[in-house]
Amino acid sequence: KGAVHLHTTVSDGTGNIDEISKSAKEADLDWIIITDHNKIGVEEGIYNGVYVLTGEEISPSSNSNHCMAFDIKEQIDNVENPIDYLHEIKRQNGFSCICHPHESLERNNSYSPIRWEFNDFKMADGIELWNYFSNWTNDYDDTNLLTQAYYYLFGNFMRNEPLQETLEMWDKMNDGVKNPKFAIGGLDAHAIKYKKFMM
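This structure is a prediction, so every number in the text was calculated from the model and none was measured.

Some thoughts on helix α4 (residues 145–154)
Taken as a whole, α4 has its buried residues at Gln 148, Ala 149 and Tyr 151. Across the axial projection of α4, the buried residues extend over an arc of 165°, all falling on one side. In α4, the exposed positions angled more than 90 degrees off the buried face are occupied by Leu 146 and Leu 153. The N-cap of α4, judged by a side-chain oxygen 2.8 Å from the amide nitrogen of Leu 146 a few residues on, is Asn 144.

Here's what the structure looks like:
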């Protein structure tokens with residue numbers, strides 16, 4: 001058992017690799033894949049009894065077209081054009097995964113949606129069919145004190161099914177291709193900051 005798409009303090013996560021691997025061990029995970037934004041800052045190995053692999057979440061400054069790169073040998077620059085970094089992933093014999101392609105445009109919070117806007121999505125090797133943090137943030141309403149309290153106490157009970165448009169995108173990615181495109185569920189673990197709702 002393992003978990004994909006985690007961020008450490010190397011980018012914008014709240015935990016370092018020691019803390020994250022300890023949490024993974026407590027959750028009975030065998031492996032995790034760290035994908036910090038635009039950095040490979042964690043060395044692969046066994047931490048606290050958990051196998052740790054590293055990739056990278058290529059995150060262009062335009063705040064769209066995020067893509068995870070796995071099994072790459074060198075860090076890839078966060079260039080704006082997905083064609084450039086998708087070719088670079090292939091050049092390194094790695095494989096690519098589109099991140100959270102359909103985050104909601106109608107959020108009631110300050111987290112801006114990061115979506116996949118590049119038309120030629122078939123160039124990627126796979127897709128993040130479900131993203132825990134995206135689904136959580138899509139529904140989180142920071143304008144309502146009761147909603148804030150509910151998410152703080154019961155945030156893990158939010159809806160957890162893939163979005164229909166992401167399922168349809170995966171179908172289109174696999175339409176007429178020789179080698180099937182994979183799909184994963186990712187955590188996208190970050191730093192989550194709640195507004196204070198109690199004194």
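Points about empty space enclosed by the protein
A water-sized probe, rolled over the atoms, reveals where empty space remains. On inspection of all chains with the given rule, the structure shows one cavity of 30 Å³ or more. In this structure, the largest cavity spans a volume of roughly 100 Å³. Around the largest cavity, the lining comprises 14 residues; the ones closest to its centre are His 100, Asn 131, Asn 135, Leu 163 and Thr 166. Elements that contribute at least two residues to the lining of the largest cavity include exactly β8 (126–131) and α3 (132–139). For the lining of the largest cavity, the element with the most residues is β8, which contributes four residues.

A look at the sheet that holds strand β6 (residues 67–70)
Spatially, β5-β6-β7-β8-β9 is the arrangement adopted by the five strands of the open sheet, whose pairing is mixed. Looking along the sheet, the strands with just one partner apiece sit at the ends: β5 (56–58) and β9 (182–186). Averaged over all adjacent pairs, the angle separating strand axes in this sheet is 30°, with direction ignored. Across four bridges, the pairing between β6 and strand β7 (residues 95–98) is antiparallel. Bridging from a neighbouring strand, Ala 69 pairs with Ser 96 of β7. The strands touched by helix α2 (residues 82–91) within the sheet are β5, β6 and β7, with β6 carrying the most contacts at an inclination of about 15°. Helix α5 (residues 164–173) contacts β7, β8 and β9 of the sheet and is inclined by roughly 165° relative to β8.

Concerning the sheet that holds strand β3 (residues 45–47)
If you walk across this open sheet you meet the four strands as β1-β2-β4-β3, and the pairing is mixed. Looking at strand neighbours, the two that pair on one side only are β1 (2–6) and β3, the edges of this open sheet. Neighbour to neighbour, the strand axes of the sheet diverge by 30° on average, direction disregarded. Looking at chain direction, β1 and strand β2 (residues 31–34) are connected through four bridges and run parallel. Bridge assignment links Ala 3 to a residue of β2, and that residue is Ile 32. Of the strands in this sheet, β1, β2, β3 and β4 (50–54) touch helix α1 (residues 17–26), which is tilted by about 145° from β2.

What counts and what doesn't
- Residues numbered from 1 in each chain as written.
- Predicted model: local features only at pLDDT ≥ 70, side-chain atom pairs only at ≥ 80, totals over all residues.
- Heavy atoms only, no water.
- Buried < 20%, exposed > 50% of the residue type's maximum accessible area, 1.4 Å probe, protein only.
- Helix = DSSP H or I, 4+ residues; strand = E, 2+ residues; numbered from the N terminus.
- Arc of directions from axis to C-beta.
- Polar contact = N/O pair within 3.5 Å; in protein donor to acceptor, adjacent residues only side chain to side chain.
- 1 Å grid on protein atoms, 1.4 Å probe; cavity = no way out; pocket = protein on both sides within 12 Å on 5 of 7 lines; lining within 4 Å.
- Points joined across faces, edges and corners; volume = space filled by probe spheres on them.
- Pairing = 2+ DSSP bridges.
- Axes fitted to C-alpha atoms, helices over the stretch in contact; angles between N-to-C directions.
- Contact = heavy atoms within 4.5 Å.

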